[in-house]
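Chain residues, written in single-letter form:
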Amino acid sequence: MKNDFRIGNGFDVHAFAEGRKLILGGVEIPCEKGLAGHSDADVLLHAITDALLGALALGDLGKHFPDSNEKFKDANSSILLKKAFKLIRTKKYTLSNVDSVLMMEKPKVAPYVFQMRQNIAKVLNVDLDRISVKATTTERLGFTGRSEGIAASAVVLLNKENKND
């Protein structure tokens, strides 16, 4: 049986907001502001979740976890990611890898990247070397450059399980 690979691309943005915790990749990052959103606004996990859903043409985060549903108010995005991945697994796909990028001027997140990778690998039940998290600035350009918010992008590769191996 041939391999059936699927690539998914996800992108998300959230503005900074007073009185919120900053959660990225399931890690609380010390910062004077968090991100605005219906859930915990974990922009990184949202991008990864959208990439997973997109790989199998299953819609997006808003379709599965709408902000009009109070059930998802302040929801932990790790739980949303886990639910989306469970759907992927019911379709008999496995995760080959995740490659993601946070786009922001501040705060600096390099000290937290390893923990983010660990959290994501745990949620998706994959080896750590299958999860990449990077961060970059936008050279002070655009809303991220003005420190008005954070953007994240993610790409995933899924492979259909092959029972004939």
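Presented here is an overview of the structure given in this document. Starting afresh in each chain, residues are numbered from 1 along the sequence in its written order. Where local features are concerned, this predicted model is filtered to residues with pLDDT of at least 70; where side-chain atom pairs are given and counted, the filter is 80 or more; whole-chain, interface and lining totals use all residues. The side-chain values count all of the structure's non-hydrogen atoms but skip hydrogen atoms and water molecules.

Time to look at the pattern of salt bridges. Pairing of side chains with opposite charge becomes possible as their charged atoms draw close. Throughout this description, the term salt bridge denotes a Lys or Arg side-chain nitrogen within 4 Å of a carboxyl oxygen of Asp or Glu. What the rule picks out here adds up to six salt bridges. A salt bridge links arginine 89 to glutamate 161, with the shortest nitrogen-to-oxygen separation between them at 2.6 Å. On the criterion of sequence distance, the pair formed by arginine 89 in helix α3 (residues 77–90) and glutamate 161 in the segment after β7 (149–160) is long-range, its members being 72 residues apart. A salt bridge links glutamate 148 to arginine 146; its shortest N-O distance comes to 2.7 Å. Only protein chains enter the accessibility calculation, which uses a 1.4 Å probe; a residue is then buried when its area is under 20% of its type maximum, exposed when over 50%, and partly exposed in between. Residue class for glutamate 148 comes out partly exposed when judged on its relative accessible area of 37%. Each helix corresponds to a stretch of at least 4 residues labelled H or I by DSSP, and each strand to a stretch of at least 2 residues labelled E; elements are numbered beginning at the N terminus.

Between the first and last residue of a helix there are one fewer steps than residues, each counted as 1.5 Å, and that sum is the expected span. Between the first and last C-alpha of α3 there are 20 Å, a value that for 14 residues agrees with the 20 Å anticipated at 1.5 Å per step. Residues of α3 that are buried include every one of Ser77, Ser78, Leu80, Leu81, Ala84, Phe85 and Ile88, and no others. Down the axis of α3, the sector holding all buried residues measures 160 degrees, keeping them to one side. Exposed side chains of α3 directed beyond 90 degrees from the buried face belong to Lys82, Lys86 and Thr90. Elements that come into contact with the buried residues of α3 comprise α1 (43–55), β5 (93–103), α4 (113–124) and β7. Any N or O atom pair separated by 3.5 Å or less is treated as a polar contact, with the protein-specific requirement of one donor-capable and one acceptor-capable atom, and with residues adjacent in sequence counted only for side-chain atom pairs. Residue asparagine 76 occupies the N-cap position of α3, its side-chain oxygen lying 2.7 Å from the main-chain nitrogen of serine 78. After α3 finishes, the residue lysine 92 shows a positive phi value of roughly 70 degrees. The directions from the helix axis to the C-beta atoms are what the arc is built from. Whether two residues are in contact is decided by their heavy atoms: any pair within 4.5 Å suffices.

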